[in-house]
Each structure stands twice: as C-alpha cells, then as structure tokens.
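The lines below spell out each chain.
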Amino acid sequence: MSITIIDLTMDTPPPLTPGIEHPATIDLTASTPMSVTRSKKDCEICYENKAINTFPLCPHANAGSHARLACIKCWKAHINAAIKDGNLDNAKCLYCEHTLTPSEIRKLLTKPDFNKWLDQAAKTCMERSEEFIACPSATCSWGCYMDKDSNGNIFTCKLCAMRYCTECKVPMHEGMTCEEHAARKAQLELENDASIITVKATTKQCPKCHARIEKNHGCDHMRCTKCKHEFCWECFANYKGSRGIAVVGNNMHEPKCKYHTNRLPQLQ
C-alpha cells in the first residue's frame, strides 16, 4: 500500500502522481494517533466485514460479475466440504454451475488442502472404474484394481488383510460357495423372523423401559427385572406412586381391564 504524506503547513498539498494508487493519507499535524483507512467489504456468505484483499479477485475464468463476492475462507470451506463428501463434482463455483478446475482450486486452497483434493480426486477417479475395489473395512482406506480372471470373487486387502466377497458384498464366507452362503443367509433370516414373531406373541414391553418381559407363571402384578417398575400385566397401569394401584385402589386399572373395580364382580 502506498501512503501520501501531506504537509499541512504548505498552502497546497503536492499533486498526486497519475497512475499511482493513493488509498490513504496521513495528517502529520493531527493530535490523535495516526490512522490508515483500509478498504473493507462484507462477505455474501459469512456476512463478516473483511479486508478487500481477502476476497479472490477472479475465482475462475468465467467469474464475471460475481468476482469478489465471497471471502477466501468461505471458498476454502466450500471446496473442503466437497473433498469431505468425496464427490468432487460438487466443487463448483459458489454462484454458478462452473466446475472449478484444478488450477482454479489450487489458487483457493492452501498446499496441504490442495494435496488432499488431489488424493480425493485420484481416489474418486479410480472408484468410478468397475475394476477398482475399495476396501470395505471402515478403518481402512486402501483399494486396488482387481483382475477377476485371476482372483475370482475374492478381494484381499493388501493393507489390512481383510478378505471380501465381491459377489455377495460381504466379508468372505470361508468354507462356503456364494450359493451356499445365500441359502444360509435366507435360512437365518427366516429363523430370525420366526423368533421375532414368537417373542412378540409371548412377551410384553415394560411400559417404562420397554424391555421385553415374558410371563410364565404367577399373578398379573408384574415387576420389571431391568428397571424395577411395577405394573399390571393386563392393562399396564402403574402400581406405585401417589396415583398407583397400591395407593388408590383397583379403580386405577384401565376401565377395560378385568381387575378394574367396576369389572371385579364379573369374576365371581
């Protein structure tokens, strides 16, 4: 930034040199501390008032009228979000559908962030290939091109050693063919469905903690073994508390419950 010093003891200040930017002046006779006026503007994304030099002049070749509308911090956040999502097609201009080129992204990111973008771009490109297999382990980021003619349907990660069936999309079913694994999976699903039906038919949920309770003998005054809540097996009315059955009486059962005061004579 250039600074023009004006001597106010002179009748007239010296003329400004044509073609030279003079963004600030300093009054040498002022009693207040010296101040310099800087150009600032509001970012249209984060709404923060920032120095004009923190706004990219031309984020891409076709920026046109929307140059210097968003600050560099918001541009970085926008691109890093695309990197995190793994979808580099989202690395577009904040104001139009222009997909930012690598050279344009390089101008907007720090070197470490740009290297992350390059890594993600390479990974995305490989994953779009039918021959590329990414390790399915949640803790592994390795992947490779797989030759099915020589490896069949078995993917073995060279980094974490996980074995994966590319046909069944599951960890390798050792000792079983894909057909046997599919049949076994279907059988387990049937057994699981049958088990769920049995549990629902023979148990009820505790009205407080929702744990499943099976009643195989005794009266209908139940006590949950998990949360110790006491309730009626028939209507789930509460036994304890100021409004409980034990304090108020049987009229605290639900009206349709066979233990409600109005229905007790029917038991005789």
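Since we're looking at a predicted model, the values are computed, not measured. (Residues numbered from 1 in each chain as written. Predicted model: local features only at pLDDT ≥ 70, side-chain atom pairs only at ≥ 80, totals over all residues. Heavy atoms only, no water.)

Caption draft 1: A look at the overall build of the chain. When its secondary structure is counted, the chain shows six helices and 13 strands. Across the 268 residues in the chain, those meeting the buried criterion constitute 26%. Partitioning the intrachain contacts of the chain with sequence separation of at least 6 by distance along the chain shows that 24% fall at a separation of at least 24. Accessible surface computed for the chain: about 18,400 Å², of which carbon and sulfur atoms make up 53%. (Helix = DSSP H or I, 4+ residues; strand = E, 2+ residues; numbered from the N terminus. Buried < 20%, exposed > 50% of the residue type's maximum accessible area, 1.4 Å probe, protein only. Contact = heavy atoms within 4.5 Å. Areas by Shrake-Rupley, 256 points an atom, 1.4 Å probe, with all protein chains shown as cover.)

Caption draft 2: Structural context of the nonpolar core. If you look at the biggest cluster of nonpolar residues, it comprises 17 residues, and the most contacted ones within it are C43, W75, I79, L100, I105, L109 and W117. If one sorts the elements of this core by residue count, helix α1 (residues 72–85) sits on top with five residues. Counting eight residues, the second largest nonpolar core, distinct from the first, contains C135, C140, M146 and C157. (Core = buried A, V, L, I, M, F, W, Y, C linked by side-chain atoms within 4.5 Å.)

Caption draft 3: Broad picture of the sheet that holds strand β8 (residues 163–165). A sheet is described by the order of its strands in space; here three strands give the open sequence β7-β8-β9, paired in antiparallel fashion. The open sheet is flanked by β7 (154–156) and β9 (170–171), the only strands paired with a single partner. Alignment of β8 against β9, held across two bridges, turns out to be antiparallel. What sits directly across from C165, in β9, is V170. (Pairing = 2+ DSSP bridges.)

Caption draft 4: Inspection of the pattern of salt bridges at higher detail. Within this structure, the stated rule accounts for five salt bridges. The partner of D220 in a salt bridge is K215, with the nearest N and O atoms 3.3 Å apart. A residue is classified by how much of its surface remains accessible, and D220, at 10% relative accessible area, is buried. Residue K240 is joined to E230 by a salt bridge in which the shortest nitrogen-to-oxygen separation is 3.9 Å. Of the two residues, K240 is situated in the loop between β13 (230–232) and α6 (245–248) and E230 in strand β13; the sequence distance between them amounts to 10 residues. For E230, a relative accessible area of 13% puts it in the buried group. It is possible to trace a salt-bridge network through shared partners that takes in K215, D220 and K258. (Salt bridge = Lys/Arg side-chain N within 4 Å of Asp/Glu carboxyl O.)

Caption draft 5: Geometry of the packing of aromatic side chains. This model, assessed by the stated rule, comprises one aromatic pair. Taking the centre distance of 6.0 Å and the plane angle of 20° together, the rings of F231 and F236 count as stacked. Relative accessible area serves as the criterion here: at 1%, F231 is assigned to the buried category. Seen from the ring of F55, K41 lies directly overhead, with NZ or CZ sitting 5.1 Å from the centre. (Phe/Tyr/Trp six-rings, centres within 6.5 Å; stacked < 30°, edge-to-face > 60°. Lys NZ or Arg CZ within 6 Å of the ring centre and 35° of its normal.)

Caption draft 6: Spatial organisation of the side chain of H173. If you trace the backbone, H173 turns up in the loop between β9 and α5 (178–202). Judged by relative accessible area, which is 5%, H173 ranks as buried. H173 has contacts with C165, C168, C178 and H181, leaving out every residue within four places of it along the chain.

Caption draft 7: Seen up close, α1. An ideal rise of 1.5 Å per residue puts 20 Å on 14 residues; α1 measures up with 20 Å between its terminal C-alpha atoms. Within α1, burial applies to C74, W75, I79, A82 and I83. (Expected span 1.5 Å × (residues − 1).)

Caption draft 8: Just the side chain of D113, in detail. Its location among the elements puts D113 in helix α3 (residues 111–127). Since its relative accessible area comes to 18%, D113 is described here as buried. The residues contacting D113, other than those within four sequence positions of it, are N80 and I83.

Caption draft 9: Geometry of the confidence of the model for the chain. Mean pLDDT over the chain stands at 78; residues scoring 70 or higher make up 77%. In this model residues 1–13 is a low-confidence stretch, pLDDT under 50, and it forms 23 contacts with partners more than four residues away in sequence or in other chains. Predicted confidence is poor over residues 16–37, with pLDDT under 50, and the contacts of this stretch with residues over four places away or in other chains come to 28 contacts. (pLDDT = per-residue confidence, 0-100.)

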